[in-house]
Amino acid sequence: MISTASVQVLLEYTGRGPTKARTLIGEDVVTVLLADTLTKGERKLVETGHSARILELRHDYQLAMRNDLVRIVERQLDRKVIAFMSQNHIDPDLAVEVFVLEPVEVV
């Protein structure tokens, strides 16, 4: 569910969602790995030497999507997200979204 919802958020914000997504859930960390994320226009800009600008643009998208992505994880796991980190890579075309969860208190 987290993978599917994350792809939908990227589709909503960028006009194209990744073609592959995988979510890994650890004790206090959730990692969403996304592949084939760039739009056709972004790929053309990369081909013409504008990779740095695409990474900046993707960072802007990540800041804008942050609250939506955090809500997905919190809703699905019924845990509070205390930190969100996001990064893109051009070649290969990958992105990662990392969510750090508030530790569960053991009684």
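Heads up: the structure comes first, above all this text.
For clarity, every value in this text was computed on a predicted model and none was experimentally measured. (Residues numbered from 1 in each chain as written. Predicted model: local features only at pLDDT ≥ 70, side-chain atom pairs only at ≥ 80, totals over all residues. Heavy atoms only, no water.)

Participant: Could you clarify how one ought to interpret the nonpolar core in this entry?
Facilitator: As a rule of thumb, soluble globular proteins bury nonpolar side chains together. Grouped together as the largest cluster of nonpolar side chains are 18 residues, with contacts concentrated most on Leu69, Val73 and Phe99. Elements with a contribution of two residues or more to this core: α1 (2-14), β2 (29-35), α3 (51-77), β3 (81-89) and β4 (94-101). Beyond its immediate chain neighbours, meaning those up to four positions away, Val73 contacts Ile2, Val30, Asp78, Val81, Phe99 and Leu101. (Core = buried A, V, L, I, M, F, W, Y, C linked by side-chain atoms within 4.5 Å. Buried < 20%, exposed > 50% of the residue type's maximum accessible area, 1.4 Å probe, protein only. Helix = DSSP H or I, 4+ residues; strand = E, 2+ residues; numbered from the N terminus. Contact = heavy atoms within 4.5 Å.)

Participant: In this structure, what is going on with the pattern of salt bridges? I would like to understand it.
Facilitator: Opposite charge on two side chains makes pairing possible when the charged atoms of those side chains draw close. One pass over the full model with this rule turns up eight salt bridges. A salt bridge links Glu42 to Arg58; its shortest N-O distance comes to 2.6 Å. One end of the pair, Glu42, is in helix α2 (residues 40-47); the other, Arg58, is in helix α3, and 16 residues separate them in sequence. Judged by relative accessible area, which is 2%, Arg58 ranks as buried. The shortest N-O distance in the salt bridge between Arg43 and Asp93 comes to 3.9 Å. A residue pair is termed long-range when its members are at least 10 positions apart, and Arg43 in helix α2 and Asp93 in the loop between β3 and β4 qualify at 50 residues. (Salt bridge = Lys/Arg side-chain N within 4 Å of Asp/Glu carboxyl O.)

Participant: Honestly, the pairing of β3 in this entry has me stumped. Any pointers?
Facilitator: Each regular strand shows side chains that alternate between the opposite faces of the sheet. With eight bridges connecting them, β3 and β4 associate as antiparallel partners. Directly across from Asn88, in β4, lies its bridge partner Ala95. Linking β3 back to β4 in an antiparallel pair, the connection comprises four residues. (Pairing = 2+ DSSP bridges.)

It is worth stressing that arrangement in space is one thing and function is another; only the former is reported here.
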